[in-house]
Amino acid sequence: MVLFIVLNLVTFYFCKERVVEDATEENQAGPSILECLKSLVKNKYWLLMVVFLFSDYFMMSTFFGSAAYFAEYVLGDANLYATLANSLSAAQIVTMFATPFVMKYIGKRYTALIGMGGCVASFVLTSLAGTNLTLLVLCNVLKGAAFGCCGASMFGLLQDSITYGSWLTGVKATGMGNAASSFCMKIGSGIGTAALGWILSAGNFDANPNGAASIAAINVSYVWVPVITCAISVACMVFFDLDKYYDRAISDLAEGKWKGSK
């Protein structure tokens, strides 16, 4: 926590705002809530990011929530949870330090696409690894690297989509776009946690945690729900072709223009 405080103070004192608002804008009324909402729903890239973030946070709730159960009841040793979790976290941290160099060459979209594709592959491989601890750790290293690619790029992609929306509609809905996205992330996390409970309940986990149905329910939560949700995120990135328009959007906005302006 001491380190946490120091890092936040460094951020506070040394981060500088690079965007300078026109002084004449201070007395201008901003867009209404309805105008912001209309602008957002017209922006397909923002909608894709909402689905992407919802799916990611849903996946993390079911996956991380079931990890301890996986270690205890599928692998038969609750202490293995630390080994699995630490291998994932270490790989994720290392990868996130490397992602700026990756994004420099292939961009945020493809970094996220590689990350989510890696997630799908790593979860499928987990299902094939069975109870082999070495293979499961290697799968978690792959998951961590994939999570690192995704985590480092997804919020940048969100901001790019909001910037595009300002150019597309002429309505600056930055605050609403971020707030609504954050709300969807929280909803995804909450429903994902609830889904974990529903799946375990369907497997009669409370009555017989070591039964075949319970083990199947844990595997569904730990492996197959993440496969489905990560595949949805992959599809979102496949259609997220914002790079076709982004440079023009930035150029026009810098000149005070938007797509429909003359």
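Preceding block: the structure.
## Focus on the overall build of the chain
Phase 1 of the analysis: Scanning the chain from terminus to terminus reveals eight helices and zero strands.
Phase 2 of the analysis: Ordered by position from the N terminus, the helices and strands of the chain form the series α-α-α-α-α-α-α-α.
Phase 3 of the analysis: In terms of overall dimensions, the chain has C-alpha extents of about 65 × 35 × 35 Å along its principal axes.
Phase 4 of the analysis: Counting every position in the chain, which comprises 262 residues, the buried fraction comes to 39%.
Phase 5 of the analysis: For the chain, contacts bridging at least 24 residues in sequence account for 82% of all contacts bridging at least 6.
Phase 6 of the analysis: Mean positive and mean negative side-chain charge positions of the chain (16 and 16 charges, respectively) differ by 7 Å.

## Considering the pattern of salt bridges
Phase 1 of the analysis: Counted according to the given criterion, the structure contains six salt bridges.
Phase 2 of the analysis: Residues D243 and R109 are paired through a salt bridge, measuring 3.4 Å at the closest nitrogen-oxygen approach. Here the residue D243 occupies a position in the loop between α7 (212-238) and α8 (246-254), and R109 occupies one in helix α4 (residues 80-129), the gap between them amounting to 134 residues.
Phase 3 of the analysis: By relative accessible area, which is 48% here, D243 ends up partly exposed.

## A word on empty space enclosed by the protein
Phase 1 of the analysis: Per the counting criterion, the structure on display carries one cavity of 30 Å³ or more.
Phase 2 of the analysis: Forming the walls of the largest cavity are S39, L40, N43, I162, G165, S166, V171 and A173.
Phase 3 of the analysis: Only α2 (33-41) and α5 (133-169) provide two or more residues apiece to the lining of the largest cavity.
Phase 4 of the analysis: Among the elements that line the lining of the largest cavity, the one with the most residues is α5, at three residues.
Phase 5 of the analysis: For the lining of the largest cavity, the class distribution of residues is four nonpolar, four polar and no charged.

## Focus: the environment of D252
Phase 1 of the analysis: The topology assignment puts D252 in helix α8.
Phase 2 of the analysis: Given a relative accessible area of 12%, D252 falls into the buried group.
Phase 3 of the analysis: Put simply, D252 and W167 are 85 residues apart on the chain and 7.5 Å apart in space, counted from C-alpha to C-alpha.
Phase 4 of the analysis: In this view, D252 contacts W167 and K257; residues no more than four positions away in its chain are not counted.

## Remarks on the environment of L142
Phase 1 of the analysis: Its place among the elements puts L142 in helix α5.
Phase 2 of the analysis: It is 27 Å that separates the C-alpha atoms of L142 and D243, two residues lying 101 residues apart in sequence.

## What to know about the nonpolar core
Phase 1 of the analysis: Core analysis: the biggest nonpolar cluster contains 57 residues, and M49, F52, F70, F123 and F240 have the highest contact counts within it.
Phase 2 of the analysis: Put simply, the parts of the chain that give this core at least two residues each are α2, α3 (44-74), α4, α5, α6 (174-202) and α7.
Phase 3 of the analysis: For this core, the leading source of residues is α3, giving 14 residues.
Phase 4 of the analysis: Apart from residues no more than four positions distant in its own chain, M49 is found in contact with M154, L157, L158, S161, M237 and F240.

## Section: α4
Phase 1 of the analysis: Compared with the 74 Å implied by 1.5 Å per residue over 50 residues, the 15 Å span of α4 between its first and last C-alpha is markedly short.
Phase 2 of the analysis: At G107, α4 shows its largest kink, close to 110°.
Phase 3 of the analysis: The first or second residue beyond α4 is G130, which carries a positive phi of 65°.

## Things to note about a nonpolar patch on the surface
Phase 1 of the analysis: Judged by side-chain polarity, M1, V2, F4, I5, V6, L9, V10, F12, Y13 and F14 come together as a nonpolar surface patch covering roughly 1200 Å² of accessible area.
Phase 2 of the analysis: By the element assignment, I5 lies in helix α1 (residues 2-14).
Phase 3 of the analysis: Exposure remark for I5: the relative accessible area of 49% places this residue in the partly exposed category.

## Examining the packing of aromatic side chains
Aromatic ring pairs: the centre-centre distance and the angle between the two ring planes describe each pair.
Phase 1 of the analysis: Evaluation of the coordinates by the stated rule reveals 15 aromatic pairs.
Phase 2 of the analysis: Centroid distance F54 to F58: 6.2 Å. Interplanar angle 35°. Geometry classified as tilted. Remark: F58 and F54 occur in helix α3; sequence separation between them is four residues, near one turn of the helix.
Phase 3 of the analysis: Judged by relative accessible area, F54 falls into the partly exposed class, the value being 28%.
Phase 4 of the analysis: By the ring-pair criterion, three or more aromatic residues cluster together here, those being F63, F64, F70, F123, F147 and Y222.

Conventions we followed
- Sequence positions are assigned chain by chain, starting from 1 and proceeding in written order.
- Since the coordinates come from a predicted model, pLDDT governs what is reported: local features require at least 70, and pairs of side-chain atoms require 80 or more to be given and counted, while whole-chain, interface and lining totals use all residues.
- For side-chain calculations, the full set of non-hydrogen atoms in the structure is used, while hydrogens and water are omitted.
- Every helix listed is a DSSP run of H or I at least four residues long, and every strand listed is a run of E at least two residues long, numbered separately from the N terminus.
- Think of it in three bands: residues with accessible area under 20% of the maximum for their type are buried, residues over 50% are exposed, and the middle band is partly exposed, with areas taken using a 1.4 Å probe on protein chains only.
- Residues are treated as being in contact if the distance between any of their heavy atoms lies within 4.5 Å.
- We count Lys and Arg on the positive side and Asp and Glu on the negative side, and we leave His and both chain ends out.
- The atoms used to mark charge sites are NZ of Lys, CZ of Arg, CG of Asp and CD of Glu.
- Each salt bridge in this description consists of a side-chain nitrogen of Lys or Arg and a carboxyl oxygen of Asp or Glu lying within 4 Å of one another.
- Cavities and pockets were defined on a 1 Å grid built from protein atoms only: a cavity is a group of points that admits a 1.4 Å probe but offers it no way out, a pocket is an open group of points flanked by protein on both sides within 12 Å along at least five of seven lines, and a lining residue is one with an atom within 4 Å of any such point.
- Grid points are joined across faces, edges and corners, and a volume is the space filled by probe spheres set on the points.
- Side-chain classes are defined by residue name, with Ala, Val, Leu, Ile, Met, Phe, Trp, Tyr, Cys and Pro counting as nonpolar, Asp, Glu, Lys and Arg as charged, and the others, Gly among them, as polar.
- By nonpolar core we mean a set of buried residues, namely Ala, Val, Leu, Ile, Met, Phe, Trp, Tyr and Cys, connected to one another through side-chain atoms within 4.5 Å.
- In a helix, the anticipated span is given by 1.5 Å times the number of residues less one.
- The quantity called bend is, for any residue, the angle between two axes fitted respectively to the seven residues ending at it and the seven beginning at it.
- In this analysis, a patch consists of residues with relative accessible area above 30% that form no salt bridge, clustered at 9 Å for like charges and at 5 Å for the nonpolar side chains Val, Leu, Ile, Met, Phe, Trp and Tyr.
- Values of accessible area rely on a 1.4 Å probe in the Shrake-Rupley scheme; residue burial ignores everything except the protein chains shown.
- Each Phe, Tyr or Trp ring, with Trp reduced to its six-membered ring, pairs with another whose centre is within 6.5 Å; inter-plane angles below 30 degrees give stacked pairs, above 60 give edge-to-face pairs, and intermediate values give tilted ones.

Function cannot be read off these values alone, since they describe shape.
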